[in-house]
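Okay, here's what each chain looks like letter by letter:
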Amino acid sequence: ISTIDYNEYVGRIGVGRIERGTIKTNMMAIRCVYGSGFVSAPMRLAGLFTYDGLKRVPADEVKVGDIVAISGFPDLLIGDTICNVAMADPLPFVKIDEPTISMTFCVNNSPFAGTEGTYVTSRHLRARLEKEALTDVSLRVEETDSTDAFRVYGRGELHLSILIETMRRQGYEFQITKPEVIYKEIDGVKCEPVEIMVADVPTEYSGVVIEKIGRRKGVMENMSGRGRVRLDFVVPSRGLFGYRSEFMTDTRGEGIMSTVFEGYEPYKGDIPTRNFGSLIAFETGEALTYGLFYAQDRGEMFVVPGDKVYAGMLVGANTRPGDIELNVCKAKHLTSIRNAAGAEDAMRLHPVRPMTLERAIDFIDDDELVEITPKNIRMRKKILDSTQRYRSKR
């Protein structure tokens with residue numbers, strides 16, 4: 001079994017290729033696991049399907065070499081072998097990587113909660129995550145102390161980002177926390193997941209990439225090529241959080257990077273986090289040109305005139321460490337004084353980059369959340385009230 005599908009009527013459906021023999025509908029079969037000696041009780045194959053292009057077609061009998069989908073085994077997993085009752089001979093299979101990072105998915109409780117999504121309750125969120133866990137064998141979902149939050153474990157940022165984006169497009173509305181790596185204790189030593197990173201960059205940008213990865217506790221193992229240089233690193237997984245967008249900026253969009261999980265190594269020590277703060281909306285309302293014009297000197301803005309904001313929502317990135325509260329809803333008050341023509345310069349706003357899911361996940365800090373809705377991706381503080389936020393820091 002190389003892929004798992006799920007159907008509400010027949011349960012788990014396993015997809016794989018027949019290595020030896022013939023398989024028929026309603027025949028008795030057993031499930032075996034390579035290397036463990038496990039053999040299940042005989043069960044009847046309730047359904048047998050082959051593929052015609054992308055369509056699944058019912059079949060009565062399928063022979064060696066064909067790709068089939070079967071149902072009837074409720075506990076089917078990737079890597080299992082379906083055998084004839086008279087011959088338990090499991091096939092070897094590549095071990096599936098365990099989760100390396102985790103995030104908390106929680107119900108949206110912002111002032112705009114429920115205005116843009118179709119599925120917004122904890123019941124909807126739990127059912128969707130449990131359904132995903134049935135087909136994604138590398139995904140783990142756990143309950144937390146709160147009934148409105150669930151801990152989700154995955155193989156990396158990309159793995160969980162795909163799930164988040166899929167749920168967003170399906171009409172789900174929820175919030176997520178900053179990703180965290182999963183530590184393990186091996187022979188009494190605290191270990192963390194590391195990844196192999198391969199970067200293909202123009203020669204003139206190789207120096208800044210090596211410097212940045214070095215700060216993130218990465219070790220360069222190989223460097224080759226002319227004109228364009230290939231760099232091989234071994235980097236802690238937590239060192240890659242938020243680096244992809246920084247990498248594209250450092251290489252002027254010409255760099256290519258890819259990562260793959262390598263294993264666990266002893267803890268590498270503290271890695272410097274972001275050295276800038278957030279710009280936070282002071283009040284709820286609609287962002288206006290006048291307010292944004294006088295706020296943009298503080299740093300990069302995330303909102304444009306007409307966007308709805310609420311108190312505690314992140315509206316920009318501060319150029320310096322520390323958070324600043326701004327009133328981007330401030331309007332210019334009309335007076336009876338008439339300015340001379342041209343006395344007041346036109347208010348020109350800096351261009352704003354669209355906020356993407358990956359960029360939002362990379363940006364947030366430990367005390368911040370990403371609000372996911374079918375129409376918008378917003379960032380906010382966990383504690384929206386400024387007074388309570390100040391007290392919690394103290």
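The residue numbers shown here count from 1 along each chain, following its written sequence. Owing to the predicted nature of the model, reporting of local features is limited to residues with pLDDT of at least 70; listing and counting of side-chain atom pairs is limited to 80 or more, with chain, interface and lining totals taken over all residues. To obtain the side-chain values, all non-hydrogen atoms of the structure were included, while hydrogens and water were left out.

1. Things to note about the pairing of strand S14 (residues 149–154)
Phase 1: Only protein chains enter the calculation, and the probe is 1.4 Å; a residue is then buried if its accessible area is under 20% of its type maximum, exposed if over 50%, and partly exposed in between. In this text, helices come from DSSP runs of H or I with a minimum length of four residues, and strands from runs of E with a minimum of two, each type numbered from the N-terminal end. For S14, the buried fraction is high: six of the six residues fall into the buried class.
Phase 2: Burial along S14 is two-sided: Ala149, Arg151 and Tyr153 facing one way and Phe150, Val152 and Gly154 facing the other are all buried.
Phase 3: Judged from the four bridges that link them, strand S13 (residues 140–143) and S14 form a sheet pairing that is antiparallel. Directly across from arginine 140, in S14, lies its bridge partner tyrosine 153. We treat two strands as partners when DSSP finds at least two bridges between them.

2. Some details on the side chain of serine 206
Phase 1: By the element assignment, serine 206 lies in helix H3 (residues 206–215).
Phase 2: For serine 206, a relative accessible area of 8% puts it in the buried group.
Phase 3: Beyond its immediate sequence surroundings of up to four residues, serine 206 is in contact with Val201, Met223 and Leu231. Residue contacts are counted whenever heavy atoms from the two residues lie within 4.5 Å of one another.

3. Let's talk about the packing of H3 against helix H4 (residues 243–250)
Phase 1: Where H3 contacts H4, the axes come no closer than 10 Å and their chain directions differ by 155 degrees. Classified by the angle their axes make, H3 and H4 are roughly antiparallel. For H3 against H4, the interelement crossing comes out right-handed. On the side of H3, the interface is formed by Val208, Val209, Lys212 and Ile213, while H4 contributes Tyr243, Glu246, Phe247 and Asp250.
Phase 2: By the convention adopted, Pro, Cys, Tyr, Trp, Phe, Met, Ile, Leu, Val and Ala count as nonpolar, Lys, Arg, Asp and Glu as charged, and the other residues, Gly among them, as polar. When grouped by side-chain class, the residues that make up the contact of H3 with H4 number five nonpolar, no polar and three charged. Note on definitions: angles span 0 to 180 degrees between N-to-C directions of axes, and those axes are lines fitted to C-alpha atoms, for helices only across the stretch in contact. Any angle that falls under 35 degrees is termed roughly parallel, while one over 145 is termed roughly antiparallel, one within 65 to 115 roughly perpendicular, and all others oblique. Crossing handedness follows the turn of the near helix against the far one: under a right angle anticlockwise gives a left-handed crossing, and clockwise gives a right-handed one.

4. Some thoughts on the pattern of salt bridges
Phase 1: One side-chain nitrogen of Lys or Arg within 4 Å of one carboxyl oxygen of Asp or Glu is enough to make a salt bridge. For the structure on display, the rule yields 29 salt bridges.
Phase 2: A salt bridge links arginine 359 to glutamate 300, with the shortest nitrogen-to-oxygen separation between them at 2.6 Å. With arginine 359 in helix H6 (residues 357–363) and glutamate 300 in strand S24 (residues 299–301), the pair connects residues that are 59 residues apart, well separated along the chain.
Phase 3: Judged by its relative accessible area of 13%, arginine 359 falls in the buried class.
Phase 4: You can call glutamate 300 partly exposed: its relative accessible area is 32%.
Phase 5: Linked through salt bridges whose partners overlap, the residues forming this network are Asp323, Asp367, Glu368, Lys381 and Lys393.

5. Regarding the sheet that holds strand S27 (residues 324–326)
Phase 1: Spatial strand order, S24-S26-S22-S27: four strands in an open sheet with mixed pairing. Each of the sheet's edge strands pairs with one partner strand only, and the pair in question is S24 and S27. With strand direction ignored, the average angle separating the axes of adjacent strands in the sheet is 30 degrees.
Phase 2: In this sheet, strand S26 (residues 314–318) lies alongside strand S22 (residues 278–281) in antiparallel orientation, the contact comprising three bridges. Across the sheet, residue leucine 279 finds its bridge partner in S26, namely glycine 316.

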